[in-house]
Amino acid sequence: MFESIRPQNPDKIIMLIKQFRDDPREQKIDLGVGVYRNADGVTPVMKAVKDAEHQLWLEQETKAYTALAGDPGYHAAMRSLVLGDAVDEDRIAALHTPGGTGAVRNAFEVVRLTSPDRTVWVSKPSWPNHLSMLDFLALPRAEYRYFDSETRSVNFAAMMDDLSQAEDGDAIVLHGCCHNPTGADLSSVEWDELGAFLINRGVVPIIDIAYQGFGDGIAEDVIGLRSFAGSFPEMLIAASCSKNFGLYRERTGILLAIARDSRTRNTTQSLLAHLNRQNISFPPDHGSRLVTMILQNDALRTSWQDELNAINATLRDNRARLAEELRRRSSSDRFGFISSHKGMFSLLGASEDQVELMKKRHGIYLVSDSRINVAGLTDGNIPKMAEAMLDVGM
Ligand code: LMR
């Protein structure tokens with residue numbers, strides 16, 4: 001049986017983690033995987049998480065299973081965080097998934113079970129696992145142009161042009177905010193225009209939101225998503241608590257499915273629970289319980305929001321300092337886009353050869369498509385980063 005197995009290549013993000021680890025140089029810089037690190041290179045446990053864990057340790061009396069689709073309290077807390085009151089509660093089915101990836105995977109499973117012949121549209125570029133999972137599930141997929149490599153912003157006209165080929169019943173993967181890997185987001189006017197266009201075509205949005213709170217703010221980052229939710233008859237949302245609650249390894253995510261009415265919501269809910277039963281049975285509980293406690297308790301929530309805002313300010317500051325350093329060294333404004341991108345990432349627009357040189361010559365690790373994680377920048381390494389970028393001809 002095992003003889004027929006061929007080794008699988010990890011994707012470019014996962015591959016980079018190992019390459020970085022194996023590099024013996026002390027001055028190496030990790031701008032790879034999307035994990036927040038503070039100036040000391042540490043991914044801290046957020047204070048609200050620690051406090052909730054302490055309270056949980058004191059109060060929790062059982063580790064018995066919760067419910068197949070996850071705890072209803074977690075569903076309610078996340079519904080409110082992501083959707084506010086944009087949609088009637090009785091139209092929303094929910095599934096607690098292991099991380100945001102689990103939510104995306106289950107969203108694709110729903111497409112496979114309900115409309116396996118329809119095309120799933122994915123931005124070019126996108127998080128590599130989107131295409132990989134669609135291929136794994138043998139779902140038809142197509143890419144729409146998204147990023148303008150000249151302006152380093154969204155090429156909305158090209159995007160709309162490609163999407164004019166989308167057909168009734170197709171699905172489209174959109175990034176709720178902080179587009180991964182580009183850092184270039186749609187404006188709210190573009191969200192509205194896109195929404196009206198897709199509704200007319202009968203295209204179902206699948207919104208992947210893994211960085212709520214890392215763009216303009218917790219509420220601001222879901223303006224486009226909520227406007228879609230308020231107008232589409234059906235929609236899937238894959239949300240992650242990995243980054244905004246710093247719960248990476250606790251695998252805390254949720255799939256929200258907005259159905260036409262409460263009857264279809266109930267059948268959708270039963271399908272979602274069935275998917276968990278088939279794949280993992282009962283979902284993990286620890287991370288989701290902490291999130292629920294934090295969102296339901298005023299003091300914990302304020303502490304969480306303050307810390308998230310501070311993380312965000314650091315990321316924005318890193319962006320501004322790198323852009324300024326490059327402006328000074330290159331005597332040009334061509335790197336100004338780094339400051340206007342949102343979230344953890346920026347796509348620098350460098351060639352694979354340049355990225356390889358950054359790694360070999362300077363010990364700086366960015367994803368081969370030239371995505372950087374701005375959280376890996378520090379006061380100490382920004383000059384080196386700017387120098388290296390110019391040295392490889394960016
Ligand atoms: C990333 O894009 O770096 C993160 O979402 C981590 C991952 O799983 O790829």
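In this text, all values refer to a predicted model and were calculated from it rather than measured experimentally.

Draft legend 1. Region of interest: the packing of helix H4 (residues 99-114) against helix H5 (residues 128-136). Look at H4 against H5: their axes get within 10 Å of each other, and the N-to-C directions meet at 40°. Comparing the axis directions of H4 and H5 gives the class oblique. Crossing hand, H4 versus H5: right-handed. Residues Thr-101, Val-104, Arg-105 and Phe-108 of H4 form the contact with H5, whose own contacting residues are Asn-129, His-130, Met-133, Leu-134 and Phe-136.

Draft legend 2. Examining the sheet that holds strand E7 (residues 171-175) more closely. Strand order in the open sheet made by the seven strands is E2-E10-E9-E8-E7-E3-E4, with mixed pairing throughout. A single partner strand is all that each edge strand has here, and the edge strands are strand E2 (92-97) and strand E4 (141-145). Taking the axes of each pair of neighbouring strands and ignoring which way they run, one obtains an average angle of 25° across the sheet. Where strand E3 (residues 120-124) lies against E4, five bridges are found, and the strand directions are parallel. Considered in E4, the bridge of Val-120 is made with Arg-141. This element, helix H6 (residues 156-163), spans E3, E4 and E7 of the sheet and lies at about 150° to E4. Strands in contact with helix H7 (residues 188-201) are E7 and strand E8 (204-209); relative to E7, the strand with the most contacts, it is inclined by about 170°.

Draft legend 3. Geometry of unusual backbone geometry. Cis geometry marks the peptide bond from Lys-124 to Pro-125, where omega comes out at 5°. Along the chain, Asn-180 connects to Pro-181 via a cis peptide bond; the corresponding omega equals 25°. For Pro-181, the position within the fold is in the loop between E7 and H7. Even without being a glycine, Arg-152 presents a positive backbone phi close to 60°. You can see Arg-152 is positioned in the loop between strand E5 (147-148) and strand E6 (153-154). Backbone geometry at Ser-281 places phi at a positive 60°, although glycine is not the residue there. A relative accessible area of 18% means that Ser-281 is categorised as buried.

Draft legend 4. Examining the side chain of Arg-152 more closely. One buried charge, Arg-152, has no salt-bridge partner; the nearest side chain with opposite charge is Glu-150, at 6.2 Å. Engagement of the side chain of Arg-152 in a polar contact is seen with the backbone oxygen of Leu-348, the distance being 2.7 Å.

Draft legend 5. Looking closely at the site of the ligand. Close to the ligand lie Ile-13, Val-33, Gly-34, Trp-127, Asn-180, Tyr-211, Lys-243 and Arg-371, which account for all nearby residues. Between an oxygen atom of the ligand and a main-chain N or O atom of Gly-34, the distance comes to 2.7 Å. At 3.1 Å, a side-chain N or O of Lys-243 approaches an oxygen atom of the ligand. Notes on the ligand: free accessible area 260 Å², of which the protein chains cover 81%. Here the residues of the shell around the ligand sort into four nonpolar, two polar and two charged.

Draft legend 6. Focus on the state of the cysteines. Under the criterion given, the structure shown has zero disulfides. Of all cysteine sulfurs in the structure, the one in Cys-177 sits closest to Cys-178, which takes part in no disulfide; the separation is 3.7 Å. For Cys-178, a relative accessible area of 2% gives the class buried. The thiol of Cys-241 is not disulfide-bonded; the next cysteine sulfur, from Cys-177, is found 13 Å away. Exposure remark for Cys-241: the relative accessible area of 0% places this residue in the buried category.

Draft legend 7. Structural context of the packing of aromatic side chains. Inspection of every chain in the model, using the stated rule, returns seven aromatic pairs. Ring plane angle 90° and centroid distance 5.0 Å describe the contact between Trp-191 and Phe-228, whose orientation is recorded as edge-to-face. Within this pair, whereas Trp-191 is found in helix H7, its partner Phe-228 is found in helix H8 (residues 223-231), the two being separated by 37 residues in sequence. With respect to class, Trp-191 is no different from Phe-228; both count as buried. With a centroid separation of 5.5 Å and an interplanar angle of 80°, the aromatic rings of Tyr-211 and Phe-345 are classed as edge-to-face. Of this pair, Tyr-211 sits in the loop between E8 and H8 while Phe-345 is found in strand E11 (residues 345-347), placing the two residues 134 residues apart along the sequence. For the pair Tyr-211 and Phe-345, one class covers both residues: buried.

Draft legend 8. Structural view of the environment of Asp-285. Within the fold, Asp-285 resides in the loop between helix H9 (262-279) and helix H10 (286-296). The residues contacting Asp-285, other than those within four sequence positions of it, are Gln-60, Thr-66 and His-96. A distance of 2.6 Å separates polar atoms of two side chains, one belonging to Asp-285 and the other to Arg-289.

Quick notes on the rules
- Note on numbering: residues in each chain are counted from 1, in written sequence order.
- Reporting of local features is limited, given that this is a predicted model, to residues whose pLDDT is at least 70; pairs of side-chain atoms are given and counted only at 80 or more, and all residues count toward the totals for whole chains, interfaces and linings.
- Based on all heavy atoms of the structure, the side-chain values leave hydrogens and waters out of the count.
- To get an axis, a line is fitted to the C-alpha atoms, and for a helix only the part in contact is used. The angle between two axes follows their N-to-C directions and goes from 0 to 180 degrees.
- Where helices and strands are cited, they refer to DSSP runs of H or I of at least four residues and of E of at least two residues respectively, numbered from the N terminus.
- Oblique is the label for any angle not covered by the other classes, which are roughly parallel (under 35 degrees), roughly antiparallel (over 145) and roughly perpendicular (65 to 115).
- Should the near helix be turned anticlockwise from the far one by less than a right angle, the crossing is left-handed, and should it be turned clockwise, the crossing is right-handed.
- Any two residues having at least one pair of non-hydrogen atoms within 4.5 Å are treated as being in contact.
- In this description, strands pair whenever DSSP reports at least two bridges between them.
- Residue exposure (1.4 Å probe, protein chains only): buried if accessible area is under 20% of the type maximum, exposed if over 50%, otherwise partly exposed.
- Working convention for charge: Lys and Arg count positive, Asp and Glu count negative, and His plus the chain ends are omitted.
- The term salt bridge refers to a pairing of a side-chain nitrogen on Lys or Arg with a carboxyl oxygen on Asp or Glu at a separation within 4 Å.
- Pairs of N or O atoms are called polar contacts if they sit within 3.5 Å, as long as, within protein, a hydrogen donor faces a hydrogen acceptor (for residues adjacent in sequence, only side-chain-to-side-chain pairs).
- Whether a residue is near a molecule or strand depends on its heavy atoms: if one lies within 4 Å, it is near.
- Throughout, the Shrake-Rupley method with a 1.4 Å probe supplies accessible areas, and for residues the shown protein chains are the sole cover considered.
- Each residue is assigned to one class: nonpolar for Ala, Val, Leu, Ile, Met, Phe, Trp, Tyr, Cys and Pro, charged for Asp, Glu, Lys and Arg, and polar for all the others, Gly among them.
- The disulfide definition used here is simple: a pair of cysteine sulfur atoms within 2.5 Å.
- Each Phe, Tyr or Trp ring (for Trp, its six-membered ring) is paired with any other whose centre lies within 6.5 Å, and the angle between the two planes then decides the class: stacked below 30 degrees, edge-to-face above 60, tilted in between.

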